Amino acid sequence: MRYTFNLKTLLLAALVAVPFTFGNLNAQEAAPAAAPAAAEAEPEAGPVDDYLELVESSGAEFAPAFDFFTVSMLWTVIAAAMVFIMHLGFATLEVGLTQSKNTVNILFKNSFIIAIGIVSYALIGFNTHYPGDFNGWLSIGAPIGDLNADGGDGWGYGGLALAMTGYGDFIFQAMFAATAATIVSGAVAERIKLPAFMIFATLLVGLAYPIVGSWHWGGGWMGGLNGGNGFKDFAGSAVVHAFGGFAALACVILLGARKGKYTKDGIKPILGHSMPLAAVGVFLLFFGWFGFNGGSVLSAAPGPLGLVFTTTALAACTGALGAILVSWIVLKKPDLSMTLNGFLAGLVGITANADIVSPSGAMMIGLIAGIIVVFSVLFFDKIRIDDPVGAISVHGVCGVWGILAAAIFEVVGEGDEKQFFLGGQLLGVLAVGLAAFVFSFVVFLILKLTIGVRVSDEEEHEGLDVAEHGAPAYHIQ
Amino acid sequence: MRYTFNLKTLLLAALVAVPFTFGNLNAQEAAPAAAPAAAEAEPEAGPVDDYLELVESSGAEFAPAFDFFTVSMLWTVIAAAMVFIMHLGFATLEVGLTQSKNTVNILFKNSFIIAIGIVSYALIGFNTHYPGDFNGWLSIGAPIGDLNADGGDGWGYGGLALAMTGYGDFIFQAMFAATAATIVSGAVAERIKLPAFMIFATLLVGLAYPIVGSWHWGGGWMGGLNGGNGFKDFAGSAVVHAFGGFAALACVILLGARKGKYTKDGIKPILGHSMPLAAVGVFLLFFGWFGFNGGSVLSAAPGPLGLVFTTTALAACTGALGAILVSWIVLKKPDLSMTLNGFLAGLVGITANADIVSPSGAMMIGLIAGIIVVFSVLFFDKIRIDDPVGAISVHGVCGVWGILAAAIFEVVGEGDEKQFFLGGQLLGVLAVGLAAFVFSFVVFLILKLTIGVRVSDEEEHEGLDVAEHGAPAYHIQ
Amino acid sequence: MRYTFNLKTLLLAALVAVPFTFGNLNAQEAAPAAAPAAAEAEPEAGPVDDYLELVESSGAEFAPAFDFFTVSMLWTVIAAAMVFIMHLGFATLEVGLTQSKNTVNILFKNSFIIAIGIVSYALIGFNTHYPGDFNGWLSIGAPIGDLNADGGDGWGYGGLALAMTGYGDFIFQAMFAATAATIVSGAVAERIKLPAFMIFATLLVGLAYPIVGSWHWGGGWMGGLNGGNGFKDFAGSAVVHAFGGFAALACVILLGARKGKYTKDGIKPILGHSMPLAAVGVFLLFFGWFGFNGGSVLSAAPGPLGLVFTTTALAACTGALGAILVSWIVLKKPDLSMTLNGFLAGLVGITANADIVSPSGAMMIGLIAGIIVVFSVLFFDKIRIDDPVGAISVHGVCGVWGILAAAIFEVVGEGDEKQFFLGGQLLGVLAVGLAAFVFSFVVFLILKLTIGVRVSDEEEHEGLDVAEHGAPAYHIQ
């Protein structure tokens, strides 16, 4: 009834359109299907021809270089997509390990983090992270421009010295940037005030992360550590994970524990509401870590690539086995959430050194990380640092372990001329952790003293979903 | 007890088999592990040797061309797999945003769509989509044959002018085809009759989609638009998304709203039953979109690839930020489902132009899309077009926006000699939208007048899972 | 209050650190961002330079070989990551199709399987699977060492005859290994005793799987089948899927059905508790199968790669359509779990032959698999073999079908000189199935007679989550 008028008009339009559309029926008996997939009508050379032209204009001896560049760049963007999926892993893990009444809030936070993380990285982070020639400590960057513009004929703004274009470099690093804030998100879940978190996360990911990262990856002062061999942190046990873990620690100290967790009768566990979501999260993180560590090879060089995939997987698996073993002994039962954190502990532990250790080294690093994480989670609970997902232990403590492991385990492969010293590694990771802690403490304290960082007791009891977002996460009809 | 006899027989068999199996124990001290992974017993050259033979037989100067072809083809099939995962994203998003009593039905619909979508694309769609030389409007294709057969020594049926083999072309495009029907699925959820949907989806994906697609990607009449520069729709804002969105609009008009949604007391929201599933859906769609847009580069050319990944991610993120901002102002709360639709709005908006805009252009396109989608969802609700997942707004409205944006924002990179005009873009997207609308309206009307398109009120109230499938989706024991 | 002292100390530290951190502010107007992404402070050549050096030292004529090697190796590790995600698919499918009270247990089992699977494959499996020159039946391997060590300049331990490095070979195959145990996990779910499963899975994945696998992929006795043409099992319909399916059958026979499933009043279905999780599982398995089959090309050769992606997708889709059709006729309703198993049936069916059949052959193979699986599931239920997820039918029965299909359907492409005979194929798959069955039966029987394989009736009734793990999977607050 409501659409009577529309119906008439539309039917009329249809009557006009039908012959227009179907009038030229010209069924083919055997279609050749020879047209390129997205030919835009004008005749033009295909991408292979364009490529050959490029090679010819550069001199044929460059052909292998361009081929290697092309495949390396492809790997970079695929790895970026894999790191992106880690954000889904973080979100579902955090949701799974917390109460159902705070689910919408957590999903909102994680959506915001990836959005603001990538945007702020374009506006300020990338050029702060990689400032080029600078004083080694601080240089605030401008927004990115057209990164293909300065690539010239050779694609990369780094020329053939860097096996990716500027955009490849940007998007891969942008996916990393949001990770730090995501780590914090898990630790402060279920009681943080949304605006406070949004402001804090923006500053952390847009400012603090790239500044601290520039010390290592941006060519900063850490190059002088370890007797000039540089600070070894392959894919970011320190500058991503420990950074996030220590930032989380500062926030949790200021924020306090969830109501009812620590009572005078002892610790009252607050169980996660969906273990399948938690497991989905960890498996997606494991998957994405192949992009996180594998992409950090920064090229498709087959030797390092295979080693990194292998050490990453082995450390994750021994991490889980270590956590299973220890938690079974200590907690007297095979604990799933400890097992899941064991995978992550192994992954964080191998992140600093995946390109220089042997399979047996990787297995040891993961195993020890899996053992550490169980005791660390129990320890922080004992001192009443309430971290619903164990982020401080997984990323902070095991991040430190990964950095130290780079100096402990025998170096294999191309890196074997190098030697990393425990002292330099320790100094580096402490500097990163301290910077993250201090920055977070100061910013979060200011937020606490101004707009407040914690929801009211009523809101916490009701759950943030209804209190802050006006809608629950689940309706089973 | 039941297996006494079997047990005896099998144990006997075991006793015979054990020495057979373990008798030849021949422990190696240090295994060389030199055998290729799937050597099929006969001695044969490895794939690298085969490859060198091909290069030699073609003349060594073709080596870079073949290398580029190989890496481009690899990217094409990986991108196809990533687009496949979008179908899981669509399924979980639709499930999450609807009522739990219709979950089995939605999962069944989405399983059917991907199955019939790929099969019909092989049987008729592919050669209809890419008819080669035709009248520009309509050519119905035959089933695909052995697409490697006509590849000759040079792999591709397009020779080196197309950086993928025929099968690569097919599988990538097949993954796209099912998308259109999936978009409709979301809009008609919770009240459509299953057989009607199955027939409609089959005709839409097998017939209408490739015909309309051939106008643009198949070398059809759209090449003459925009002053001969062709219609700019990089990866399908129009021919995939707006097509699906306008098809959905036609169906929803004929189908009517869900019972109880629009009452005389105003709009009564029907909440989704699982926000984690909705969020999983959107994150998987975001991930898959890197394959959707990135794969549409149609090669592994590093310059465009990095640009497309970057613009795609930036538009998605500003889309979310735009939706957060506007929904917070308009709805007075930070709305998660609007945020999620904001990501998708940005992604649809950038799909037409991801290869020609700058990072700042991409951020603007996404931001505007994120703002548009909030108002569009509210608008369709106001005029009582009941679209449970917002598909018409996300894919239809933002699809149009993406097409227009291709003519509005400054062109960068290789495309900068080109100019696209608003008029031509508008004409093209309206033609696509109108064709989708008219086709869908006519077919759905015929279904309505014959087998019926809507379940009974009782079935709708009970839920389609039990009513049509005989089983609920959830059992919590 | 609790942190008063800490607060003071930390604020002091912050006051010291702030000028230290921000003192050197040196804002850039237009950041050049020229530094390579992970420059470790010292000036060094980039990866492209390293690559050119390698090419130069090998003779320039090797350039295309190295390029092909590099892209093939990249595909191998990406495929490994995709196969990894299948384990998440298996986990969520199994969880979805079983009762909520056993969810933690299933997630724990699947976490353990992937962990022990990869670790045991490094410690013994890989060198058992690929023993090099051996008696064709049995050779127990040593742990892997540094697989890059013997790669020399040419990356691969197989030289250029194998398009991947040793680590690439290892990690891809390691992801396969855990699959067999995962298949069993689904069939024995909801009543198996955890320690018994853990021991059984370890022996199956660490010992039985690589031994049986060596018969085919390790250069063993199966090379003599089919008149010397070898046993055709492209990616493992027999040596992975039928192996797992027949191992599962043995375990289920010894374990017995779940309480209350088979009563004197007939079969009482035990419904799965979450169809969305089941669907997520199947879609992830479908996605991962592109890596499973596509990676089994063992290079990035474009011809086979495109064919395998296409045949894999087509068989999966016709499998679903076949299962929809038959289940609708037989069960009188469109059954979602049969549809989902139809996808998997098609995928298992195509796994043996994806590289040699045409698209129409693939569609037939999948369709028949989808029909078979429905009747097979009903059959096993009728003879009271209680398999909660249908693993015996999907992997065992359809695995046999896939092997036979390799001899039935016309061979296309490069393999067309070859001919596989039904007799040889049948003999091979029966040998694999029998070995899996006998091994599993003997080991599981010993476990049954010693530590016991089944939980008590009380534990089964209460659910394994609380009984064995002390925590339920869900808490809806």
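This report concerns the structure included in the present document. Keep in mind the model is a prediction, meaning the values are calculated, not measured.

## A look at the overall build of chain A
The secondary structure content of chain A amounts to 15 helices and two strands. The buried share among the 477 residues of chain A stands at 68%.

## A closer look at the relation of the copies chain B and chain C
For these two chains of identical sequence, chain B goes onto chain C by a turn of 120° and a shift of 0.0 Å along the axis, with RMSD 0.0 Å. Such values leave the two copies arranged in the relation of a three-fold axis. In this assembly, only 7% of the residues forming the interface of chain B have copies in chain C that are likewise at the interface, indicating a heterologous arrangement.

## A closer look at the interface of chain A and chain B
Facing the 88 residues of chain A at the interface are 88 residues of chain B. Put simply, the parts of the chain that give the side of chain A that touches chain B at least two residues each are helix H1 (4-22), helix H2 (47-58), helix H3 (63-96), helix H4 (103-129), helix H5 (166-187) and helix H15 (464-469) of chain A. At 19 residues, H3(A) tops the list of elements feeding residues into the side of chain A that touches chain B. Its residues placed into classes, the side of chain A that touches chain B shows 62 nonpolar, 19 polar and seven charged.

## Quick look at the environment of B:Ile211
All names here are of chain B. Among the secondary structure elements, Ile211 is positioned in helix H6 (residues 194-216). For Ile211, a count of 24 C-beta atoms within 10 Å translates into the label buried. With 21 residues separating them along the chain, Ile211 and Lys232 place their C-alpha atoms 18 Å apart. With sequence-adjacent residues up to four places away left out, Ile211 is seen in contact with Thr128 and Leu138.

## Quick look at unusual backbone geometry
All names here are of chain B. For Asn226, which is not glycine, the phi dihedral falls at a positive 55°. Considering the arrangement of structural elements, one finds Asn226 in the loop between H6 and helix H7 (237-255). On the basis of neighbour counts, which here come to 24 C-beta atoms within 10 Å, the residue Asn226 falls in the buried class. Residues other than glycine seldom take positive phi values, yet Leu298 does so here, at roughly 65°.

## Quick notes on the relation of the copies chain A and chain B
What relates the two chain copies is a rotation about an axis together with a slide along it. With an RMSD of 0.0 Å, chain A superimposes on chain B once it is rotated by 120° and translated 0.0 Å along the axis. Here only 7% of the interface residues in chain A have copies in chain B that are interface residues too; the copies meet through unlike faces.

## Notes on the environment of A:Ile324
Tracing the backbone shows A:Ile324 in helix H9 (residues 302-331). Between the C-alpha atom of A:Ile324 and that of A:Asp335, which follows or precedes it by eleven residues, the distance is 6.8 Å.

## Points about helix H6 (residues 194-216) of chain A
With 23 residues, H6(A) extends 32 Å between its outermost C-alpha atoms, agreeing within 8% with the 33 Å of an ideal straight helix rising 1.5 Å per residue. Most pronounced at A:Leu204, the bend in H6(A) amounts to some 35°.

## Some words on helix H8 (residues 275-295) of chain B
For H8(B), which comprises 21 residues, the first-to-last C-alpha distance of 30 Å matches the rise-based estimate of 30 Å (1.5 Å per residue) to within 8%. The largest bend along H8(B) reaches roughly 30° and is located at B:Gly288.

## Remarks on the interface of chain B and chain C
Much of the literature gives interface size as the accessible area that the parts lose upon coming together. Opposite the 88 residues of chain B that make contact, chain C presents 89 residues. When residues of the side of chain B that touches chain C are traced back to their parent elements, those giving at least two are helix H1 (4-22), helix H2 (47-58), helix H3 (63-96), helix H4 (103-129), helix H5 (166-187) and helix H15 (464-469) of chain B. A per-element tally of the side of chain B that touches chain C places H3(B) first, with 19 residues.

## Observations concerning the packing of H8(B) against helix H9 (residues 302-331) of chain B
All names here are of chain B. Packing of H8 against H9 brings their axes to within 9 Å, and their N-to-C directions diverge by 140°. When the axes of H8 and H9 are compared, the pair comes out oblique. Where H8 crosses over H9, the handedness of that crossing is right-handed. Residues Phe286, Trp289, Phe290, Asn293 and Gly294 of H8 pack against Leu305, Val308, Phe309, Thr312 and Ala316 of H9. Considered class by class, the residues forming the contact of H8 with H9 number seven nonpolar, three polar and no charged.

## Description of the nonpolar core
With 559 residues, the main nonpolar core has A:Phe243, B:Phe243 and C:Phe243 as its most contacted residues. For A:Phe243, the contacting residues outside a window of four places in its chain are A:Ala180, A:Tyr209, A:Val212, A:Ala238, A:Val432 and A:Ala436.

## Quick look at the packing of H9(A) against helix H5 (residues 166-187) of chain C
The packing of two helices is summarised by the inter-axis angle and the distance between the axes. One can describe the packing of H9(A) onto H5(C) by two numbers: an axis separation of 8 Å at closest approach and a directional angle of 35°. In this structure, H9(A) crosses over H5(C), and the sense of that crossing is left-handed. Residues A:Pro302, A:Gly306, A:Leu307, A:Phe309, A:Thr310 and A:Ala313 of H9(A) lie in contact with H5(C), whose contacting residues are C:Gly166, C:Tyr167, C:Gly168, C:Phe170, C:Ile171 and C:Ala174. Of the residues contributing to the contact of H9(A) with H5(C), the split by class is eight nonpolar, four polar and no charged.

About the cut-offs
- Residues numbered from 1 in each chain as written.
- Chains lettered and ligands numbered in written order.
- Predicted model: local features only at pLDDT ≥ 70, side-chain atom pairs only at ≥ 80, totals over all residues.
- Helix = DSSP H or I, 4+ residues; strand = E, 2+ residues; numbered from the N terminus.
- Buried ≥ 20, exposed ≤ 12 C-beta atoms within 10 Å, placed from the backbone.
- Least-squares fit on C-alpha atoms with pLDDT ≥ 70 in both.
- Contact = placed C-beta atoms within 7 Å.
- Nonpolar A, V, L, I, M, F, W, Y, C, P; charged D, E, K, R; others polar.
- Expected span 1.5 Å × (residues − 1).
- Bend = angle between axes of the 7 residues up to and from the residue.
- Axes fitted to C-alpha atoms, helices over the stretch in contact; angles between N-to-C directions.
- Parallel < 35°, antiparallel > 145°, perpendicular 65-115°, else oblique.
- Left-handed = near helix turned anticlockwise from the far one by under 90°.
- Core = buried A, V, L, I, M, F, W, Y, C linked by C-beta atoms within 7 Å.

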